[in-house]
Amino acid sequence: MDEKKVVEIEGRIPTLKEKRKQRANRRLIIYVSGFFILMTAVIYFQSSFSHIKAVNVTGNEHVMDDELVEMTNLLDDVSMWRYDERDIISRLEAHPEISSASLSRQLPNTVVISVKEHSRVAYVKRDGKYLPMLETGVVLTGTDRAERPYDAPVMAGFEENDTLSEMASELTSLPESLHQRISEVHLVPSENDPHQLMIFMNDGFEVHSTLRHFSERIIPYPSIVAQLDEDAQGIIHMRMSPYFESTASDEGIEEELEEVSDVISEEGIEEIIEEEDESESEG
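Quick caveat: nothing in here was measured; it's all calculated off a predicted structure. (Residues numbered from 1 in each chain as written. Predicted model: local features only at pLDDT ≥ 70, side-chain atom pairs only at ≥ 80, totals over all residues. Heavy atoms only, no water.)

Explain the packing of aromatic side chains here, please?
To describe a pair of aromatic rings, one takes the distance between the centres and the angle between the planes. For the structure on display, the rule yields one aromatic pair. Between the aromatic rings of F205 and F244, the centroid separation amounts to 6.3 Å while the plane-to-plane angle is 80°, which identifies the pairing as edge-to-face. One end of the pair, F205, is in the loop between β8 (196–201) and β9 (206–210); the other, F244, is in strand β11 (residues 243–246), and 39 residues separate them in sequence. Taking the relative accessible area as the measure of exposure, F244 reaches 3% and is therefore buried. (Phe/Tyr/Trp six-rings, centres within 6.5 Å; stacked < 30°, edge-to-face > 60°. Helix = DSSP H or I, 4+ residues; strand = E, 2+ residues; numbered from the N terminus. Buried < 20%, exposed > 50% of the residue type's maximum accessible area, 1.4 Å probe, protein only.)

Okay, here's the thing in structure tokens:
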């Protein structure tokens, strides 16, 4: 019995030696591979191979790519892994037209800048030129247009102050479908109301209102127009109680819009906003 066990062990010795040799070879391969990977990483990080070679910009419509890329300085021999992301984002968001920004890496050596611009809610007419006005109330003096724009209302009679910023805020609060129906907004101060507004709509009507809570006062406009005849001409007064003043005759007949009284209530305004949002989503 003992001799049989000795014979079996002796027969397995070559196999055991082979397995040990294989394990040793695997360890050597792992150590060598790890060494080369480490050396490659050191060479990559210490050489120009890790420098940013391209910067792509997404999300911008009005600000030029080159302008944003130049603000980051990312192409000045900067490593893909060593730039100050917070500092770059802070610089980008300091741009008057940029609302927010973010950075992401795209291997092997590309950085992607994603930005969101402030909306252009209107144009301010000055010296025969049209200057874009952002939702923040900032007027961009370096991007004027000689021709009349039609993608947003034109503002007249406003100065670059709190009044203009408030008007920008009111326009931003409007549903997009109603915003697009406004052609021009004129500030025409009077003794009774220094913030009196005269608004010209794209469908031909003239609206008289006031700056304070303008976005709430103008909300019922589609419902009011729907009650008027197609060939009606006149002024729609939209303050506390909206009414229509006809200009079709010299007498200037004033037609009270009694059916709109419940529309002006808070619940009515919310219903109109919901209808406007639904129509926008269907469009």
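The rest of the description comes next.
So what exactly am I meant to see when it comes to the pattern of salt bridges here?
Close approach of charged atoms allows side chains of opposite charge to pair. The full count for this structure, using the stated rule, is six salt bridges. Where R91 meets D87, a salt bridge forms, and the shortest distance between an N and an O atom there is 2.8 Å. Taken together, the positions of R91 and D87, both in helix α3 (residues 85–93) and four residues apart, correspond to about one turn of that helix. With a relative accessible area of 28%, R91 lands in the partly exposed category. In this structure, R148 engages E184 in a salt bridge whose closest nitrogen and oxygen atoms are separated by 3.6 Å. Here R148, found in the loop between β5 (129–134) and β6 (154–156), pairs with E184, found in strand β7 (residues 182–187); they are 36 residues apart in sequence, far enough to count as distant. (Salt bridge = Lys/Arg side-chain N within 4 Å of Asp/Glu carboxyl O.)

Help me understand the sheet that holds strand β3 (residues 110–117) in this model?
Two strands in a sheet stick together by hydrogen bonds in their backbones, pointing the same way (parallel) or opposite ways (antiparallel). Taken in spatial order, the three strands of this open sheet run β1-β3-β2, and their pairing is mixed. Each edge of the open sheet is held by one strand with a lone partner, namely β1 (54–58) and β2 (98–106). Geometrically, the sheet is characterised by an average inter-axis angle of 20° between neighbouring strands, direction not taken into account. Summarising the sheet, β2 and β3 pair through eight bridges and their orientation is antiparallel. Its bridge partner lying in β3, I98 is registered against E117. Contacts from α3 reach β2 and β3 within the one sheet, and its direction differs from that of β2 by about 145°. (Pairing = 2+ DSSP bridges. Axes fitted to C-alpha atoms, helices over the stretch in contact; angles between N-to-C directions. Contact = heavy atoms within 4.5 Å.)

Even after reading the chapter, I still don't get the pairing of strand β4 (residues 120–126), so can you show me in this structure?
For a regular strand, side chains alternate in direction, first toward one face of the sheet and then toward the other. By the criterion of burial, β4 is predominantly enclosed, with five of the seven residues buried. Alignment of β4 against β5, held across six bridges, turns out to be antiparallel. Paired with K125 across the two strands is Y130, which belongs to β5. Linkage of β4 to β5, two consecutive antiparallel strands, is achieved through a turn of two residues, within which D127 is found at a positive phi near 55°.

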